[in-house]
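# Topology and contacts: notes
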Amino acid sequence: MTGIQGNAPALSSLSAEQVVALPLETLARSVVGDLMRPGGSTPNISGWLHRVRRDYRQLKDPEALGAISEAVAWLRLRMIIVDDLRPRSEGDWVMLSRQGAQWLRGGPLPLDATG
């Protein structure tokens, strides 16, 4: 794989069964790759979630949506994605944290918010 995803497959290429079967950290990398598209603008998490819900509801697989929910929570807990508070970012905008960028480049896994 290339780009931000590291060793994770593109989320859009995965069936619902594959999403559920992936280890959480691998699925989290796939989620980041889909959310933080190279060259894209700062992502709006609400808009992204709406698209993912639509795509996986068509497959009628609530387990896949649950697994993606876990991956998003895992990314937030580890502070890999964080709220974007920069001046032009009113709303549900997120950004890749500095330690998240390091993790995607193969650095150590950030600790969760509890230490």
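Residues numbered from 1 in each chain as written. Predicted model: local features only at pLDDT ≥ 70, side-chain atom pairs only at ≥ 80, totals over all residues. Heavy atoms only, no water.

### Considerations on the overall build of the protein
In terms of helices and strands, the protein carries five helices and two strands. Ordered by position from N to C terminus, the α and β elements of the protein give α-α-α-α-β-β-α. Split into buried and exposed, the 115 residues of the protein put 37% on the buried side. Long-range pairs, those at least 24 residues apart, make up 55% of the contacts in the protein with a sequence separation of at least 6. For the protein, the exposed surface amounts to about 6800 Å²; the carbon and sulfur share of it is 54%. (Helix = DSSP H or I, 4+ residues; strand = E, 2+ residues; numbered from the N terminus. Buried < 20%, exposed > 50% of the residue type's maximum accessible area, 1.4 Å probe, protein only. Contact = heavy atoms within 4.5 Å. Areas by Shrake-Rupley, 256 points an atom, 1.4 Å probe, with all protein chains shown as cover.)

### Thoughts on the packing of helix α2 (residues 24–35) against helix α3 (residues 45–58)
Following both chains from N to C, one finds α2 and α3 inclined at 115 degrees, their axes separated by 11 Å at the closest point. In this view, α2 runs roughly perpendicular relative to α3, as classed from their interaxial angle. Here α2 and α3 pass one another in a crossing that is right-handed. The residues of α3 that touch α2, namely those facing V31, D34 and L35, are I45, W48, R51 and V52. Of the residues in the contact of α2 with α3, the class split is five nonpolar, no polar and two charged. (Axes fitted to C-alpha atoms, helices over the stretch in contact; angles between N-to-C directions. Parallel < 35°, antiparallel > 145°, perpendicular 65-115°, else oblique. Left-handed = near helix turned anticlockwise from the far one by under 90°. Nonpolar A, V, L, I, M, F, W, Y, C, P; charged D, E, K, R; others polar.)

### Description of the pattern of salt bridges
A pair can form between side chains of opposite charge whenever their charged atoms are brought close. Across all of its chains, the model carries five salt bridges by this definition. As a salt-bridge pair, E25 and R29 come within 4.0 Å of each other at their nearest N and O atoms. Residue E25 and its partner R29 are both found in helix α2; the two are separated by four residues, about one turn of the helix. Judged by relative accessible area, which is 33%, E25 ranks as partly exposed. Among the salt bridges present, the one from R51 reaches D55, with a minimum N-O distance of 3.7 Å. Pair noted here: R51 and D55 are both in helix α3, with a separation of four residues, about one helical turn. For D55, a relative accessible area of 27% puts it in the partly exposed group. (Salt bridge = Lys/Arg side-chain N within 4 Å of Asp/Glu carboxyl O.)

Fair warning: the whole summary comes from geometry, so function is off the table for now.
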